[in-house]
Each structure stands twice: as structure tokens, then as C-alpha cells.
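Here's the letter readout for the chains.
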Amino acid sequence: MDPLFDLTDRVVVITGASSGIGASAARCFADRGARVVLAARRKERLDELAADLPGAVPVACDVADPDACAALVDRAIAECGRLDVLVNNAGTHHVGPAEDEPVETFSAVVDLNLTSVFALSQAAARPMLAVGRGSIITIASVFGLNGAGQVPQASYSASKGAVVNLTRELGAQWARRGVRVNAIAPAFFSTEMTTAMFDDEGATRWMRRKTPMGRAGELDELHGALVYLASDASSYVTGTTLPVDGGWTAV
Ligand SMILES: NC(=O)c1ccc[n+]([C@@H]2O[C@H](COP(=O)([O-])OP(=O)(O)OC[C@H]3O[C@@H](n4cnc5c(N)ncnc54)[C@H](OP(=O)(O)O)[C@@H]3O)[C@@H](O)[C@H]2O)c1
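Residues numbered from 1 in each chain as written. Predicted model: local features only at pLDDT ≥ 70, side-chain atom pairs only at ≥ 80, totals over all residues. Heavy atoms only, no water.

Counting secondary structure elements, the protein contains eight helices and seven strands. A globule of 251 residues ought to have a C-alpha radius of gyration of about 18 Å, and the protein, at 17 Å, matches this closely. Taken over the C-alpha atoms alone, the protein extends approximately 50 × 40 × 40 Å along its principal axes. Per-residue burial over the protein gives 52% buried out of 251 residues. Expressed as a percentage of contacts within the protein between residues at least 6 apart in sequence, the contacts between residues at least 24 apart total 69%. If you sum the accessible surface of the protein, you get close to 11,400 Å²; carbon and sulfur atoms cover 51% of it. (Helix = DSSP H or I, 4+ residues; strand = E, 2+ residues; numbered from the N terminus. Rg over C-alpha atoms; globule rule 2.2 N^0.38 Å. Buried < 20%, exposed > 50% of the residue type's maximum accessible area, 1.4 Å probe, protein only. Contact = heavy atoms within 4.5 Å. Areas by Shrake-Rupley, 256 points an atom, 1.4 Å probe, with all protein chains shown as cover.)

This is the structure:
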């Protein structure tokens, strides 16, 4: 193992590990020798995944509850003795024209995609700052870097744009204290969240046409960015958002 990318025995908390990008990220880190703490609401899914990953700790957790975020960090440290990496991946969305989106829906999306990211990052950063070492990675979106428009999602775009700037601010605040904060901005990956799009031939044709690489991403194509940002390979990188998007944000 190249020491630059070595994650052996690192303790990684991943939210939204019950499906999609989070479950894939958990396998990626576990395959590289990390101890993974799997968080989501659907505990049976986490138990199933944990049975496949040596030393994995499944924790039922609603990240919309700040007390549950604090308890998740405590549990990770109690079970694994340390916390090296947090992956803020849990998220939700609402698709529909802005003029019809209920304000309550907007608030709920922002609560989960932004406020819970802050609450959990804060809870994780405290023990990381105490030892002067840690990496926090948030799964943002290309829709946090550009508007969506033809896939109308005002609350999603607003919340993802906000986590991009939260990443800059937390990265800057904690930069001299050993805790790095970065984000990944994926474009289109087939998961439960994107089922409606991937099931719609017209929508996938549109996506392929608009993406310079002409295709969606495969979940394991996010692994390089995850390992890079989690490991010492990115020791001088903080406050940044790395698109993994087949060129979506390049045009
Ligand atoms: N797929 C894409 O193309 C794409 C592109 C850009 C960004 N993203 C981002 O990637 C992240 C993962 O999405 P995905 O595509 O993998 O979708 P997904 O398969 O629907 O996964 C969403 C995850 O979030 C968890 N979650 C939702 N609400 C939660 C809560 N209150 N507390 C704890 N966990 C919660 C879900 O678990 P439970 O229901 O079990 O709690 C689930 O594991 C999201 O932040 C999404 O915005 C995805």
C-alpha cells in the first residue's frame, strides 16, 4: 500500500450508508483496511452491509437530530477508540418547479442537506481538533456549483451550494488545527435518489448529451476522490470541492 493513500486502521464514519453512494463508500474504505461506522435510519440495511465488512459498526441514526449526531460520534469513539474521517453523505432532494415547492419542503431539504452536515461536522471536529488530526468530507453535488434548471430543484441546489461554502469556511477555520474539510461534487450516479431519472429514457438521453463524457458515473468512480481526500495524499488540501462529474462543470 502506498503510504500516501494508506487508510489501514483509520476510523471512518459514513452517513447514509444504507444505500447508494454511502454503501459504496463504506465498501471502498473497508476494502482498504479502515474501520467503518455505518450510519442511517434503516438499521437492517446497515446490519446486512456490516456483516460483509470486517469490524464495521452499524448505528441507527437520524442525522436531522443534532443529539443523534453527537451520540454517533460518541459511539464511534467508544467502539473504535478514535475518529479519523467523517463522510457527510446522507441527503435528500425534491424535484419540481420552484414556484410550486412548499416552503416546508424547502426547509426540510435544507435541514437535512445543510444543517445536519453542520451539526455532525461540529460534533466530529471537537475530538479531531483535540488530537489535531482529521478529515471531513461532504458529498455536495454539481448542483451546488451550478443551477439545475431543467431538473428543477431549488431546495437541493440551495442546500448543496451552501455546503460548498460551509466547506470553505470550516476548512479555513480549522486549517491550522489539523482538521481538513473538503467536499465532492458528483454529477449523475444511479442510486435510489436518482431512480426516477435513470428509469426515464428521455432524462437519461438528456443527461448523456449534456455530460462531456457522454455517460453517467459508476459508483466506484467516486472512490478515488474519497480515498484521496480521506488520506494523507491530500494533506495540504482543505476547503475545496472536487467535482467527479464526467466534465459536467467544465462546460
Ligand atoms: N446519486 C447521484 O447522482 C448524486 C449526485 C450528486 C450528489 N449526490 C448526493 O449523494 C448523497 C447520497 O445520495 P445517493 O445518491 O446515494 O442516494 P440514496 O441511495 O437515496 O441515499 C441517501 C442516503 O441518505 C440516508 N438518509 C436520508 N435521510 C437521512 C436521515 N435523516 N438520517 C440519516 N440518514 C439519512 C438514507 O438512509 P436511510 O433512509 O436508511 O436513513 C440513504 O442511505 C446525497 O447527499 C446526494 O445528494 C448524489
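What follows picks up the thread again.
This part is about the sheet that holds strand β5 (residues 134-139). If you walk across this open sheet you meet the seven strands as β3-β2-β1-β4-β5-β6-β7, and the pairing is parallel. Every other strand in the sheet has two partners, leaving β3 (57-60) and β7 (241-244) as the edge strands with one partner each. In this sheet, neighbouring strand axes are inclined to one another by 20 degrees on average, regardless of whether the strands run parallel or antiparallel. The pairing of strand β4 (residues 85-88) with β5 spans four bridges and is classified as parallel. By the bridge assignment for β5, valine 87 is matched with isoleucine 137. Seen against the sheet, helix α5 (residues 154-174) touches β5, β6 (179-186) and β7 and runs at an angle of roughly 160 degrees to β6. (Pairing = 2+ DSSP bridges. Axes fitted to C-alpha atoms, helices over the stretch in contact; angles between N-to-C directions.)

Take the site of the ligand next. Neighbouring residues of the ligand: 28 residues in total, closest Ser19, Arg41, Tyr156, Phe189 and Thr191. Here an oxygen atom of the ligand sits 2.6 Å away from a polar atom, N or O, in the side chain of tyrosine 156. Here an oxygen atom of the ligand and a backbone polar atom of methionine 193 are 3.4 Å apart. For the ligand, whose free accessible area comes to 880 Å², the fraction covered by protein is 94%. (Near = heavy atom within 4 Å. Polar contact = N/O pair within 3.5 Å; in protein donor to acceptor, adjacent residues only side chain to side chain.)

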